[in-house]
Amino acid sequence: MTRAGTEVRLRSGGGREPRAVAATVTARAGEVVLDTSAGQRVLRVGEDVETVVWSATEGGAGVAAFLGRDQQPVAVLDLADWTPPEVDLSDRSRGGLEDPVEWTGLQELAAAAGLPVVRRKVTAPVDVRPGSTRRSSAWWVSIAMYVSAVLWLLTSYVLAPLVGLPDLAPATLALTTACALVLAVEQLLRRRRGRHLPAGDEITPRPSVPTTRLFRRTARLVLTGPAGPAETLVVRDATRLQFRVDGPSSPLGVQKALVVTPPGADRPERLDLVDGLGRQVVRLPWDQWFGEDAGRLEAFRQRGIPVERTSGEGLGPVAGEILLRPRSERVYLQNFEPPGGLGVIRDGQLNVGVTIAPLAGVAWGYESRATLVLGLLNATFLWGPVLLRGLARVLDAPR
């Protein structure tokens, strides 16, 4: 949550869509502005909305419903969508606040707009999400590949023998190959977009312990904005997941950096970035990030974030694994995710069928050389990127 003067803003908790992380809910005197991937909506207090109702959800942040004059919901939000995951899930990260209306920022949001908050059960479904509910282009191409694969089976074993057109089956199989190529290119472009970082002062890891080349090449911490207090801090880990937090100009943004040394230890264990509620919103293992160049902490001081040293509870072996628990700034692709838009499991099942079926048909002597070539191309487009990333992961050993 960001407060700037009389304005309060809730940021998206992140998502797989590139535009989802840019979504905001902004409250200022007399209005609430909903900016999502679906567009912008302005709710004017007294005209469009008169009350905010908070409804508890089991184990979650709750639901916020904005009610109009007729006391019917005009917008319903799941607050977990607008709360960073480490705050939503961790009691330690809530700054001692127990009431979800407070630690989600809903109380301040409503107060900034001039709306009362009422607590009762809400039955209306959530209709405001950071990301779009529209199907992605990869989803449609995956469906087209599925349909063309079914057509190939029908033409290969039913229609072609009946009508006597031997080229009919390879022609339909060529459609699956075209879809496989489109999916492979689409995934490549998404991965390239995931490398983008905003402009600012960039801090790269200087590890004093063995780390992978992928980590050293990819992990970054960027203090964005021109000279002066950092506007936001963007932290990216080796998988290109990125996490944004507000800078020191926001009362609830990062206010200080704590170099934490466990009792009895001779060197720091981690660097904690602490927000205005005292929450450790980002934790960076010291040996992975600053082990060989602690002088780079001066970059925090120059951008308005004081650096303090303290003794605190050690995290033990976990410290080297907690690099981040970030939300996605852009589309996150799992290391071994095959191209497609139906989900990892369904994409894998579809891709296996598209590649194995024609190759098995050739092995059984039912199909032509064209089918063999197209089957091999399908396998290359759908599984080549997965195997290459797997090989790179195996070779990218800590050193």
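Higher on the page you've got the structure.
First, a word on scope: everything that follows refers to the structure included in this document. Just so we're clear, the structure is a prediction, and the values are computed from it rather than from any experiment.

A few points about the pairing of strand 4 (residues 31–36)
By the criterion of burial, strand 4 is predominantly enclosed, with five of the six residues buried. Taken together, the five bridges between strand 3 (residues 24–28) and strand 4 define a ladder with antiparallel strand orientation. Note that in strand 4 the partner of Val 25 across the bridge is Leu 34. Counted between consecutive antiparallel strands, the loop separating strand 3 from strand 4 contains two residues, among which Gly 30 sits at a positive phi close to 90°. Relative to strand 5 (residues 39–44), strand 4 runs antiparallel, the two being bridged by six bridges. Counted as the bridge partner of Val 32 is Leu 43 from strand 5.

Some remarks on the packing of helix 9 (residues 344–363) against helix 10 (residues 369–395)
The geometry of helix 9 relative to helix 10 is characterised by a closest axis approach of 8 Å and an angle of 155° between their N-to-C directions. Judged on the interaxial angle alone, helix 10 and helix 9 are roughly antiparallel. Seen from above, helix 9 lies across helix 10 with left-handed handedness. Judged by residue contacts, Gly 348, Asn 351, Val 352, Val 354, Thr 355, Pro 358, Leu 359 and Val 362 of helix 9 engage Thr 371, Leu 372, Gly 375, Leu 376, Asn 378, Ala 379, Leu 382 and Trp 383 from helix 10.

Observations concerning the sheet that holds strand 7 (residues 63–67)
Pairing is mixed across the open sheet formed by four strands, whose spatial order is 8-7-6-9. Bordering the open sheet on either side are strand 8 (73–78) and strand 9 (117–119), each of which pairs with just one other strand. In this sheet, adjacent strand axes meet at a mean angle of 25° when their direction is disregarded. In terms of strand pairing, strand 6 (residues 51–55) meets strand 7 through five bridges, oriented antiparallel. Within the sheet, the bridge partner assigned to Ser 55 lies in strand 7 and is Val 63. Here helix 3 (residues 106–113) sits on the sheet and contacts strand 6, strand 7 and strand 9; the angle it forms with strand 6, its principal contact strand, is near 170°.

Calculation notes
- Residue positions are given per chain, counting from 1 as you read along its sequence in written order.
- Totals for whole chains, interfaces and linings use all residues, but because this is a predicted model, local features are given only for residues with pLDDT of at least 70 and pairs of side-chain atoms are given and counted only at 80 or more.
- Side-chain measures were taken over the full set of non-hydrogen atoms in the model, leaving aside hydrogen atoms and water.
- The rule is simple: take the accessible area with a 1.4 Å probe, protein chains only, and divide by the maximum for that residue type; under 20% is buried, over 50% is exposed, in between is partly exposed.
- Secondary structure elements are taken from DSSP: a helix is a run of H or I of four residues or more, a strand is a run of E of two residues or more, and numbering for both begins at the N terminus.
- Any two strands with at least two DSSP-identified bridges between them are counted as paired.
- Lines are fitted to the C-alpha atoms to define the axes, a helix being fitted only along its stretch in contact, and any angle between axes, read from their N-to-C directions, falls within 0 to 180 degrees.
- Roughly parallel means an angle under 35 degrees; roughly antiparallel, over 145; roughly perpendicular, 65 to 115; everything else is oblique.
- Handedness of a crossing follows from how the near helix is turned relative to the far one, being left-handed for an anticlockwise turn of less than a right angle and right-handed for a clockwise one.
- Any two residues having at least one pair of non-hydrogen atoms within 4.5 Å are treated as being in contact.

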